[in-house]
Amino acid sequence: MGQEATSRPLFGVAAGRLESALPDDKPLYTDAEARAEADRCLYCVDAPCVKACPTSIDIPTFIKKIASGNVRGSARTIFDQNMLGYSCARVCPVEVLCAGACVYQEWHGPAIAIGRLQRYATETATRVGQPALFHPKTAKVQRSVALIGSGPASLACAASLALEGHRAVILEKRAVVGGLNSTGIAPYKLHVEDALHEAAWVAALGVEIRVGAGVGPAGIRGATLLSEYDAVFIGVGLGADSRLNIPGEDGAGVVGATAWIEAMKLAASGEPRSLGRVVIVGGGNTAIDMARECARLGAAEVTMVYRRELGDMSGYEHEREAAQLEGVRLIPRSVPVAFRRDPDGKLTGLSLARTDGGHPVAGTEQDIPCDLVGLAIGQAKVREIADELPGVTLDARGCVLVDAATYQTGNPKVYAGGDCVNGGKEVVNAVAAGRDAAHAMLRLWDTGTPNRGPRTSAAEASHG
Ligand code: SF4
């Protein structure tokens with residue numbers, strides 16, 4: 001192989017990082033709390049919570065096992081469908097998925113805390129020192145798969161392959177494994193250590209993870225992967241934050257939201273970080289995450305600017321309301337037209353124009369003072385990987401085109417799933433795609449039949 005892993009530790013990050021200042025919003029249940037909450041579940045037949053789960057976890061069964069004290073059995077039920085059930089328990093927007101569909105909602109009672117119960121089962125059963133929950137099979141003919149990127153899609157795919165006795169090798173260009181789970185999740189939902197714990201658990205199934213192992217002209221070549229492995233899975237997520245391309249954008253004080261969140265999660269707390277007045281541009285969940293994190297880290301002011309009406313924001317309503325409760329100010333129907341800087345180049349403000357139908361109206365510009373602007377207006381797609389792998393094609397948005405049933409790209413040896421295919425959805429959607437791609441590989445190797453469906457770049461649409 002052209003480039004091997006670095007010697008940096010796979011599952012370590014510096015202690016006392018900045019994100020440590022943001023504690024867990026939903027801490028681990030005690031045994032008594034978990035049993036009391038599990039006892040509230042009605043164990044519905046044809047349960048709506050299961051239908052709302054993109055990975056179709058058998059929720060009533062895992063909750064019933066908690067109620068009866070069978071915590072390891074409960075975790076097994078969860079992992080049967082979702083090998084990343086631990087991080088999904090922490091980061092899933094349960095309010096709009098399983099808990100949002102819980103029958104208690106119809107009675108205006110509190111929905112079952114499915115996410116917290118799932119966390120209780122998976123965290124308890126996978127603690128360091130616990131006996132292994134799974135014993136991977138020995139495959140009759142062992143195949144090998146290279147997985148590009150170490151985010152949720154690749155981890156889920158690799159775990160499913162490893163359980164069946166196949167060789168899964170994850171190639172991560174960064175020094176830290178876990179992809180979005182390590183670098184992009186709000187700390188009050190999931191800390192980096194938690195994501196690394198889960199990645200280590202997957203590795204313990206026999207998955208090989210190499211860090212500092214980028215794929216491309218400067219690293220491992222696609223041709224090498226295609227010749228050395230039976231299949232390749234692309235799980236690279238999304239690329240760099242998009243820019244506004246307006247005057248004054250270049251220079252200190254203007255950051256991409258995902259880049260800022262990654263730095264905040266990985267940076268040592270000793271790093272000087274006076275946030276001052278922060279403006280975040282965008283109305284999605286990344287914008288809300290950055291706003292809430294800045295507010296909790298003590299920023300003097302946090303303002304979100306969005307070009308349309310508040311009701312048009314793509315961020316979840318419950319997250320937006322939480323941000324407002326934490327002091328975040330929202331300015332709808334406004335769009336930045338220029339950054340203001342002093343003669344030394346220091347950012348001093350952002351000029352906003354009012355919008356009509358999302359478009360700026362001339363003559364309505366007003367400046368708001370600020371010290372930091374976060375851009376959460378989308379992320380570029382990762383196009384370079386397609387250039388490395390012949391037959392892999394992209395749609396007009398830059399998303400990888402895959403077969404809806406098999407997750408195969410135009411190159412039948414190459415599969416893809418997660419954000420690089422769907423353009424950016426939930427962690428649980430990426431997990432479902434990784435799992436289903438692995439199952440498609442296993443089916444092909446077992447039967448010789450790929451079971452193809454229509455070609456799409458939104459294969460995860462059926463996963464909620
Ligand atoms: Fe339990 Fe609610 Fe699911 Fe019914 S819908 S099984 S009460 S979690």
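Thresholds applied
- Residues numbered from 1 in each chain as written.
- Predicted model: local features only at pLDDT ≥ 70, side-chain atom pairs only at ≥ 80, totals over all residues.
- Heavy atoms only, no water.
- Near = heavy atom within 4 Å.
- Nonpolar A, V, L, I, M, F, W, Y, C, P; charged D, E, K, R; others polar.
- Phe/Tyr/Trp six-rings, centres within 6.5 Å; stacked < 30°, edge-to-face > 60°.
- Helix = DSSP H or I, 4+ residues; strand = E, 2+ residues; numbered from the N terminus.
- Buried < 20%, exposed > 50% of the residue type's maximum accessible area, 1.4 Å probe, protein only.
- Lys NZ or Arg CZ within 6 Å of the ring centre and 35° of its normal.
- Polar contact = N/O pair within 3.5 Å; in protein donor to acceptor, adjacent residues only side chain to side chain.
- Contact = heavy atoms within 4.5 Å.
- Pairing = 2+ DSSP bridges.
- Axes fitted to C-alpha atoms, helices over the stretch in contact; angles between N-to-C directions.
- Arc of directions from axis to C-beta.
- Domains from an automatic or database assignment.
- Buried area = accessible area lost by both parts, 1.4 Å probe.

A. Layout of the site of the ligand. Around the ligand sit C41, L42, Y43, C44, A47, C49, P60, C102, V103, I112 and I114, and that is every residue in its neighbourhood. Partitioning the shell around the ligand into residue classes produces 11 nonpolar, no polar and no charged.

B. Geometry of the packing of aromatic side chains. Taken as a whole, this structure holds 4 aromatic pairs when the rule is applied. Between the aromatic rings of F79 and F134, the centroid separation amounts to 6.1 Å while the plane-to-plane angle is 70°, which identifies the pairing as edge-to-face. Taken together, the positions of F79 in helix α4 (residues 71-81) and F134 in the loop between α7 (114-125) and β1 (144-148) put the pair 55 residues apart, joining distant regions of the chain. Across the pair, F134 and F79 agree in class, each one buried. Taken together, a centroid distance of 6.2 Å and an interplanar angle of 65° make the contact between F134 and W201 edge-to-face. Here F134 is found in the loop between α7 and β1, whereas its partner W201 is found in helix α10 (residues 192-203), with 67 residues between them in sequence. There is no split in this pair, since F134 and W201 are both buried. By way of ring pairs, the aromatic residues F79, F134 and W201 are connected into one cluster. Directly above the aromatic system of Y43 lies the positively charged group of K64, at a separation of 4.8 Å from the ring centroid. Just above the ring of Y188 sits the side chain of R296; from NZ or CZ to the centre is 3.9 Å.

C. Layout of the side chain of H191. Inspection of the secondary structure assignment puts H191 in the loop between α9 (180-183) and α10. A polar atom in the side chain of H191 sits 3.4 Å from the backbone oxygen of E19. One polar contact links the side chain of H191 to the main-chain carbonyl oxygen of P187, over a distance of 3.2 Å. The residues contacting H191, other than those within four sequence positions of it, are E19, S20, L22 and K265.

D. Molecular detail of the sheet that holds strand β2 (residues 167-172). Strand order in the open sheet formed by 5 strands is β3-β2-β1-β4-β15, with parallel pairing between adjacent strands. Taken across any chain shown, the strands that pair with only one partner, and hence form the sheet edges, are β3 (208-211) and β15 (414-416). Geometrically, the sheet is characterised by an average inter-axis angle of 20° between neighbouring strands, direction not taken into account. Sheet topology places strand β4 (residues 231-234) next to β15; 3 bridges connect them, and they run parallel. Opposite V232, over in β15, you have V414 as the bridge partner. Relative to β4, helix α17 (residues 427-447) is tilted by about 165°, and along the sheet it contacts β1, β4 and β15.

E. Broad picture of the sheet that holds strand β13 (residues 372-375). The strand order across the open sheet built from 5 strands is β5-β13-β6-β7-β8, with neighbouring strands paired in parallel fashion. A strand with exactly one partner marks an edge of an open sheet, and here the two such strands are β5 (254-256) and β8 (329-331). Direction aside, neighbouring strands of the sheet carry axes that sit 25° apart on average. Pairing geometry for β5 and β13, over 3 bridges, is parallel. Paired with V254 across the strands is V373, a residue of β13. Helix α12 (residues 257-266) contacts β5 and β13 of the sheet and is inclined by roughly 85° relative to β5.

F. Geometry of α12. Residues A257, W260, I261, M264 and K265 constitute the buried set of α12. Down the axis of α12, the buried set is contained in an arc of 130°. They therefore lie on one face.

G. Highlighting the side chain of S160. Mapped onto the fold, S160 is located in helix α8 (residues 152-163). Not counting residues up to four positions away in its chain, the partners in contact with S160 are R435, A438, H439 and L442.

H. Region of the structure containing the domain arrangement of the protein. For the protein, the domain assignment lists domain 1 (25-125), domain 2 (144-239 + 380-461) and domain 3 (254-375). Using C-alpha coordinates to define each centre, domain 2 is positioned 32 Å away from domain 3. Every contact between the two is made by 14 residues of domain 2 and, on the other side, 12 residues of domain 3. Both sides together, the interface formed by domain 2 and domain 3 hides about 1000 Å², and carbon and sulfur atoms give 48% of it. Across the contact surface, domain 2 and domain 3 share 6 residue pairs in polar contact (both at pLDDT 80 or more). A class-by-class count of the residues in the side of domain 2 that touches domain 3 yields 7 nonpolar, 4 polar and 3 charged.

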